[in-house]
Amino acid sequence: MKKNNKIFESSIIRIAVYDSFKKLNPVVLMKNPVMFIVEICASMTSVIFISELYKGAYSGFNLQIAVWLWFTVLFANFAEAVAEGRGKAQAETLKKARKQTNARKIEGDKEKIIPADALRKGDVVVCESGDIIPADGEVIDGVASVDESAITGESAPVIRENGGDRSAVTGGTKVLSDRILIKISSEPGNTFMDKIISLIEGASRQKTPNEIALTILLAGLTVIFLLAVATLPAYYLYGLNSSGLGTENNISIPVLVSLLVCLIPTTIGGLLSAIGISGMDRLIKRNVIATSGRAIEAAGDLDVLLLDKTGTITLGNRMATEFIPVSSVNAETLAECAMFSSISDETPEGRSIIKLAKEKYNLRPKELLPEHVKFVPFTAETRMSGIDIRLTDKPVRVIRKGAADTIEKYIEQNGGFYPEDVNAIVKNIAGEGGTPLVVCENKTVFGVIRLKDIVKGGIRERFLHLRKMGIKTVMITGDNPLTAAAIAAEAGVDDFIAEAKPEDKLVRIRQEQANGHLVGMIGDGTNDAPALAQADVGIAMNTGTQAAREAGNMVDLDSNPTKLIEVVEVGKQLLMTRGALTTFSIANDVAKYFAILPALFTVLYALNGSAGPLGLLNIMKLASPQSAILSAVIFNAVIIVLLIPLALKGVKYRPLGASTILKINLLVYGVGGLIAPFAGIKLIDMFITSIKLI
Amino acid sequence: MKINDLIQPFVFLLLVGAVTPLLGGYMFKVFSGKKNILTPIFGKLENLILRVSGVNPAEEMNWKKYLWSLLAFNFAGFLLLFILQVVQKWLPLNPQGFGNVPFDLAFNTAISFVTNTNWQAYAGETTMSYSVQMLGLAVQNFLSAATGIAVVLALTRGIVTKLTDNLGNFWTDLTRSVLYVLIPGSVIVSILLMSQGVIQNFSSYADIKTLEGVSQVIPFGPAASQIAIKMLGTNGGGFFNTNSAHPFENPTPFSNFIEMLCILLIPAALTYTYGKMTGSKKEGWIIFGVMMFLLAAGLITSMYSEFSYNPALNTAYNLEGKELRFGISNSVLFSTITTDVSCGAVNAMHSSLTPLAGMVTMLNIMLGEIIFGGVGAGLYGMLIFVLLTVFIAGLMVGRTPEYLGKKIESLEIKMAIIAVLIQSAFILCLTAYASVTESGLSSLGNTGPHGFSEILYTFSSAVGNNGSAFAGLNANTVFYNIATGIAMIIGRFGVIIPVMVIAGSLAGKNKSPVTSGTFTTDNYVFAVLLIGVILIVGALTFFPALSLGPIVEHLLMKGGVLF
């Protein structure tokens, strides 16, 4: 997928500007109560301005207020449009990839060419090299390499085969080699690709639970301030009467609505949906597709992660890390022996033995003529592998390596002696989470190779971060408890399940949830599906089965198990951004009151022609009542634009623990929100008075 | 200002802090049904009362049942009190032969005492007979306080328990708070008050000749017993019209001290009880701290204003309207706490306070009576603000908001905002109506901003269930009796109902465990946040109104103009 890091791209901007006007439609805007009120206020002011103009009275003040109120709505619309625009750009690239294709449907024993969108669930199609897979499905026969770069952006082909966990294919991807039969698993217009596109475009975006709750809060605050403003003319009238001023001097509608718009939480109200959309967008940038915004929100709440050991915590394969000889043998001899035993061993373990021998003792496999050697591959029957070397002038060397019990039996069968200290070494290695391989030549045991699960670089630090974030990690492995414990300790996970069966995951998730935890996991196999469905955030790997992909609420296109950590961060960022901007928005009100109220009240209770006593509340020393009101309205509109980048990028997340994060954000957005408008409104006031706008 | 003026409030507040854990710990035992020091005395009686009433104390109620029991009980109390007043003429213990109370006044008074407001549109010594005072008013003083406690207990259980419908048993909670807390407290306090000279008799009023030779009627009555619960239950309805400024209600500095202490006693102690119930005393202390901070901030502002030079009167001490037996300091302290706590008893007329001190009393009420607040009501009101704070700021740590492990979602927010909104709405709208209509304006005793303050104070006091009056405003008109009556109902049940919905919703939720990623509420950062939200959400709404009332009056006073 195209990585798009620039926030404002000219093509997106152009569409967004157009869209922000389109979004003025009150039916659309009604979903956002705060901005809807602003639109009503803008309309009222405009009507008043025009009707006055009609009567021949031009009010530059009313005009400017009307313009800025419209801008306030437009800016909010713009924020949403930009956020959507970035998603749409990504969806476009996907749409291009989804060409109109034909399908080769199997009917009975005949093949029939039909358009792909005529396929129904349950149909069977055939695909050969060069064919585009017409719809999502499950491979029911054959094996093929498939180019999935259209959805993953990864150019290396992947293998898809029937049975097992690699059977799902996605519509729109291309078969590169071989022939497969596919059973279609989705209805037209409802394929995985369709879902991704509509999700990215924001078409199927629904408000998440937290967003709904926040909208209620904002609507409630709006009503409170609406009442505060609506009752003001009555209080003012009392003041006018008491000051002996005429009732015709009551506050004008444009001034009242200016106060209202400044007080209601327009900043967060205007940016709320942009924050939500961009949260999904940030996930897509990491090649994760969330099937609902709810899942992203839940990701921020996760406090338990279930992680498979292999591939997530450790590299996929075990590696040789040490040669431990028995007391009578020196290490180099053992290393040489081990190397010979592995020459023909093409497994990653075998290669790692040769590599270790080379690195540690600078040993290289000698050129051995084929007629002098006989390779003995690993078989299930012998459970050993090795080599027989017959050089003409030397005795035959029969070298074998294998698990301890196998070699012990082998030595004893050949009348050899299995030394006691080998057992000690073997036990020790197993206890430390390694896998021992015993090496022998002829009837003599030379020593033991330590094979070890290699914990991925940097994973320990990531778990440390997670712990600071308050997230517990649980490792799941099929290893025995001893080995599992050793790896768990090395990787720094908090807990582990050893000798885990697939159903153990489900049990564990339920257990954690019953204790109030929110659990996230990553999985790919069909047997992971129930656990993925049960987890609060289940991320299915794109390489996984169809069942797994349907069960989870996110799909990781890169199939990278450590992605879960990034998903959590995106979720947290999303929630933090909402909280930060809400706090900022509410804190702003203090300054706005101090700008507008003195401007309104300064005429009341004036003595001997001087300014009224409430003028003293004008602590910002704004130039005139009109400039004060206009400055507050302008600040209120402009701040939305200034905060769009923050809304789209999200508040920076640092794994520091809740209380530290809170202190930082409180200082920046709470205290900042108190102070910023004082400075901002004063500056705007100075500017507009200097250019004589008022 | 003398140093003595500062020491006294300081010592007083220190004492409140010291008593809080003692009484709070005792109430924790009482309300969780544990054996306590009074169980040997009242244990059997409690069981007897419940059995006779047909209540099964083991029965747990869900929020609906709890709420319905509460509403039905309060409605019955309202009816009884209303009827007692309108048939007063035919009841015994009426030595002055008072006639029946008019309907609109009886309506207003009945609501007033049922809602723990104790707004008094009447003068006690010229309107109510002894039997109505004792059977009607005093009884509701106990029951309305107990109702407040019951609600906060239900809410706390909702927060503390998980995955259940059960919020406890309303009847048990009610019985326990009356039996173990309010009655023993009242007995002790009435005896202390009587020792200071507060009267307690059924005598007819006395006609005496004063030193100046004019004749004066001296009212009597069973005052001490009623004053004890008036303070302890944060009711505030005085036996006599001038309330605790009357020498028979509040004769000595010591009785004044006791009465002030009684106002704060239970609301403060409930924070500790709350902490114990949540399993973390710190949670309670943080709430106590926030309340105390707001109280102190108001007190300091008032003291500053009262002890400042007043150019209009050319004096540095504003003694006008103060009870000279107690002095400025004790009058200001009394006015601050009685408005913080939704008590409404007064020992000096708030109308006579300097404008800023008057504003403090108004603002205390407008915040929703959450600075300790009415018995029970203050704490559940504060918890509403806690939920709002958790929701606004909790997001900032990157989790969906939760309070003590309970997720705060749409329903909770909807109810919390309704509870806050409904109070502001009624104060603002009724004030607006009264300040521009003849029916509102004709009752005013003063002009200018001070007259506006009278209206604003009246409706704040009614909605906030405070019950004190700014004085100056003639509240015994049909308009004010009905308007304040409605305001009192809304201010009381418009909050109780949403609170009960929240209690029910929270009880049904699972509790998420605390991790380092959890937003915690037992620290000073949260306290600062909570204060910020209270002031911005609670106070800013009233900033325009306050500007046109006490603030402008203060500024004018500084220019030498009085109203």
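Residues numbered from 1 in each chain as written. Chains lettered and ligands numbered in written order. Predicted model: local features only at pLDDT ≥ 70, side-chain atom pairs only at ≥ 80, totals over all residues. Heavy atoms only, no water.

Undergrad: I would appreciate a short explanation of the sheet that holds strand β10 (residues 288-290) of chain A in the present structure.
TA: Strand pairing in a sheet is mediated by backbone hydrogen bonds. Such pairs are either parallel or antiparallel. Residue and element names in this part refer to chain A. Overall, mixed pairing links the 7 strands, which are arranged β10-β22-β21-β20-β11-β18-β19 in an open sheet. Two strands in the sheet have a free side with no partner beyond their single neighbour: β10 and β19 (495-497). Averaged over all pairs of adjacent strands, the angle between strand axes in this sheet comes to 20 degrees, irrespective of strand direction. The pairing of strand β18 (residues 472-476) with β19 spans 3 bridges and is classified as parallel. For Ile476, the partnering residue across the bridge sits in β19 and is Ile497. (Pairing = 2+ DSSP bridges. Helix = DSSP H or I, 4+ residues; strand = E, 2+ residues; numbered from the N terminus. Axes fitted to C-alpha atoms, helices over the stretch in contact; angles between N-to-C directions.)

Undergrad: Before we go on, may I ask you to explain the interface of chain A and chain B in this structure?
TA: Frequently, the measure chosen for interface size is the accessible area removed from exposure when the parts meet. Counting from both sides, the interface comprises 66 residues of chain A and, opposite them, 63 residues of chain B. With both sides pooled, the region where chain A packs onto chain B buries about 5,200 Å², and carbon together with sulfur makes up 78% of that total. At the boundary of chain A and chain B, one finds 2 salt bridges. Between Lys407(B) and Asp301(A) there is a salt bridge, with its nearest N and O atoms 3.3 Å apart. Along the contact surface separating chain A from chain B lie 16 residue pairs in polar contact (both at pLDDT 80 or more). Among the elements of the structure, α7 (209-230), α8 (232-242), α11 (293-301), α16 (459-468), α18 (502-514), α21 (563-601) and α23 (658-690) of chain A are those that each provide at least two residues to the side of chain A that touches chain B. Element by element, the count of residues in the side of chain A that touches chain B is highest for α21(A), at 16 residues. Residue composition of the side of chain A that touches chain B, by class: 42 nonpolar, 15 polar and 9 charged. (Contact = heavy atoms within 4.5 Å. Buried area = accessible area lost by both parts, 1.4 Å probe. Salt bridge = Lys/Arg side-chain N within 4 Å of Asp/Glu carboxyl O. Polar contact = N/O pair within 3.5 Å; in protein donor to acceptor, adjacent residues only side chain to side chain. Nonpolar A, V, L, I, M, F, W, Y, C, P; charged D, E, K, R; others polar.)

Undergrad: It is not clear to me how the environment of Ala83(A) should be interpreted in this structure. Could you clarify?
TA: Considering the arrangement of structural elements, one finds Ala83(A) in helix α4 (residues 60-97). On a C-alpha basis, the gap between Ala83(A) and Ile275(A) in space is 7.9 Å, while along the polypeptide they are 192 residues apart.

Undergrad: Please explain helix α7 (residues 170-195) of chain B as it appears in this structure.
TA: Along an α-helix, residues three or four apart share an orientation, since each turn contains 3.6 residues. Residues and elements named next belong to chain B. With 26 residues, α7 extends 36 Å between its outermost C-alpha atoms, agreeing within 8% with the 38 Å of an ideal straight helix rising 1.5 Å per residue. If you look at α7, its biggest bend is around 35 degrees, right at Val178. Put simply, Asn169 is the residue that caps the front of α7, since its side-chain oxygen is 2.9 Å from the backbone nitrogen of Trp171. (Expected span 1.5 Å × (residues − 1). Bend = angle between axes of the 7 residues up to and from the residue.)

Undergrad: Would you explain unusual backbone geometry in this entry?
TA: Among all residues save glycine, negative phi is the norm, and among peptide bonds the norm is trans. A positive phi angle, close to 45 degrees, is found at Glu499(A), a residue other than glycine. If you trace the backbone, Glu499(A) turns up in the loop between β19 and α18.

Undergrad: How do you make sense of the sheet that holds strand β6 (residues 158-161) of chain A when you look at a structure like this?
TA: Residue and element names in this part refer to chain A. Strand order across the open sheet formed by 3 strands is β6-β5-β8, with antiparallel pairing between neighbours. Of all strands in the sheet, those with a lone pairing partner are β6 and β8 (174-177), marking the two edges. Strand-to-strand, the axes of this sheet are offset by a mean angle of 50 degrees, without reference to chain direction. Sheet topology note: the strand β5 (residues 143-147)/β8 ladder contains 3 bridges and is antiparallel. Residue pairing in the sheet places Asp147 in a bridge with Lys174 of β8.

Undergrad: In this structure, what is going on with the packing of aromatic side chains? I would like to understand it.
TA: The geometry of two aromatic rings is summed up by the distance between their centres and the angle between their planes. In this structure the tally under the stated criterion is 34 aromatic pairs over all chains. Ring geometry for Trp68(A) versus Phe71(A): centroids 5.3 Å apart, planes at 55 degrees, classification tilted. Linking Trp68(A) with Phe71(A), this pair stays in helix α4, spanning 3 residues, or about one helical turn. Judged by centre distance (5.5 Å) and plane angle (45 degrees), the ring pair of Tyr238(A) and Phe452(B) falls under tilted. Of the two residues, Tyr238(A) sits in helix α8 while Phe452(B) sits in helix α16 (residues 448-463), which places them in two different chains. For Tyr238(A), a relative accessible area of 6% corresponds to the buried category. A connected cluster of aromatic rings, assembled from ring pairs, spans Phe75(B), Phe78(B), Phe82(B), Phe103(B) and Phe107(B). (Phe/Tyr/Trp six-rings, centres within 6.5 Å; stacked < 30°, edge-to-face > 60°. Buried < 20%, exposed > 50% of the residue type's maximum accessible area, 1.4 Å probe, protein only.)

Undergrad: Looking at this structure, how should I read a nonpolar patch on the surface?
TA: Residues and elements named next belong to chain A. On the surface, a nonpolar cluster with roughly 420 Å² of combined accessible area is contributed by Leu667, Val668, Val671, Leu674 and Ile675. When you line up the elements, Val668 lands in helix α23. Classification of Val668 as partly exposed rests on a relative accessible area of 44%. (Patch = residues over 30% accessible without salt bridge, like charges linked within 9 Å, V, L, I, M, F, W, Y side chains within 5 Å. Areas by Shrake-Rupley, 256 points an atom, 1.4 Å probe, with all protein chains shown as cover.)

Undergrad: Would you mind going over the domain arrangement of chain B with me for this structure?
TA: All names here are of chain B. Domain parsing of chain B yields domain 1 (22-267) and domain 2 (281-558). The distance between the C-alpha centroids of domain 1 and domain 2 comes to 23 Å. Domain 1 puts 61 residues into the contact, and the matching count from domain 2 is 64 residues. Per-residue buried area on domain 1 facing domain 2 is highest for Trp119, Leu155 and Ile159; these three make up 16% of the total on that side. Counting across the domain 1 and domain 2 interface gives 0 salt bridges. (Domains from an automatic or database assignment.)

Undergrad: Looking at this structure, I do not really get helix α8 (residues 223-232) of chain B. What am I missing?
TA: Residues and elements named next belong to chain B. Across the 10 residues of α8, 9 count as buried, placing the element largely inside the fold. Along α8, the positions that sit buried rather than exposed are Ala223, Ala224, Gln226, Ile227, Ala228, Ile229, Lys230, Met231 and Leu232. As for α8, its buried residues are in contact with α6 (130-160), α7, α9 (253-278) and α11 (327-340).

Undergrad: What should I look at first to understand the nonpolar core in this one?
TA: Leu232(A), Met554(A), Leu600(A), Phe12(B), Ile266(B), Phe372(B) and Tyr403(B) are the most contacted members of the largest nonpolar core, which totals 337 residues. Sort the elements by how many residues they give to this core and α21(A) lands first, with 21 residues. Taken domain by domain, this core gets at least three of its residues from each of domain 1 (22-267) and domain 2 (281-558) of chain B. Setting aside residues up to four positions removed in sequence, Leu600(A) forms contacts with Leu232(A), Tyr236(A), Ile251(A), Val255(A), Leu259(A) and Ile629(A). Core analysis: the second largest hydrophobic core is formed by 38 residues, Cys337(A), Ala338(A), Phe340(A) and Ile399(A) among them. (Core = buried A, V, L, I, M, F, W, Y, C linked by side-chain atoms within 4.5 Å.)

Undergrad: Is there a simple way to think about the pairing of strand β20 (residues 519-523) of chain A in this case?
TA: Successive side chains on a regular strand alternate, one facing one side of the sheet and the next facing the other. Residues and elements named next belong to chain A. Summarising burial for β20: 5 of the 5 residues are buried, a large majority. Judged by which residues are buried, β20 turns out to be covered on both faces: Val519, Met521 and Gly523 on one side and Gly520 and Ile522 on the other are all buried. Strand direction decides the pairing type here: β20 and strand β21 (residues 537-541), joined by 4 bridges, are parallel. Of the residues in β21, the one forming a bridge with Ile522 is Ile539.

Undergrad: What am I meant to see in the pattern of salt bridges here?
TA: A side chain of one charge can pair with a side chain of the opposite charge when the charged atoms of the two come close. All names here are of chain A. Summed over the entire model, instances satisfying the criterion amount to 38 salt bridges over all chains. One salt bridge in this structure joins Glu297 and Arg578, with 2.8 Å as the shortest N-O distance. Of this pair, Glu297 sits in helix α11 while Arg578 is found in helix α21, placing the two residues 281 residues apart along the sequence. Arg578 matches Glu297 in its accessibility class, with the two residues each being buried. Across the pair Glu490 and Lys452 runs a salt bridge, and its minimum N-O distance is 3.4 Å. Here the residue Glu490 occupies a position in helix α17 (residues 481-491), and Lys452 occupies one in strand β17 (residues 444-455), the gap between them amounting to 38 residues. With a relative accessible area of 34%, Glu490 lands in the partly exposed category. Looking at Lys452, the relative accessible area reads 21%, which means it is partly exposed. Through salt bridges with shared partners, a single network forms among Arg104, Glu111, Glu128, Asp131 and Arg179.

Undergrad: Would you mind going over the side chain of Glu259(B) with me for this structure?
TA: Residues and elements named next belong to chain B. Looking at where Glu259 falls in the secondary structure, it is placed in helix α9. For the buried Glu259, no salt bridge exists, and the shortest N-O distance to an oppositely charged side chain is 4.7 Å, to Lys230. If near-sequence neighbours (up to four positions away) are discounted, Glu259 is found in contact with Leu193, Ile227, Met231, Ser244, Glu249, Asn250 and Phe334. (Lys, Arg positive; Asp, Glu negative; His and termini not counted.)

Undergrad: Looking at this structure, I do not really get the environment of Gln120(B). What am I missing?
TA: Residue and element names in this part refer to chain B. One can find Gln120 in the loop between α4 (103-114) and α5 (124-127). For Gln120 and Leu193, which are 73 residues apart along the polypeptide, the C-alpha to C-alpha distance reads 22 Å. A distance of 3.1 Å separates polar atoms of two side chains, one belonging to Gln120 and the other to Tyr122.

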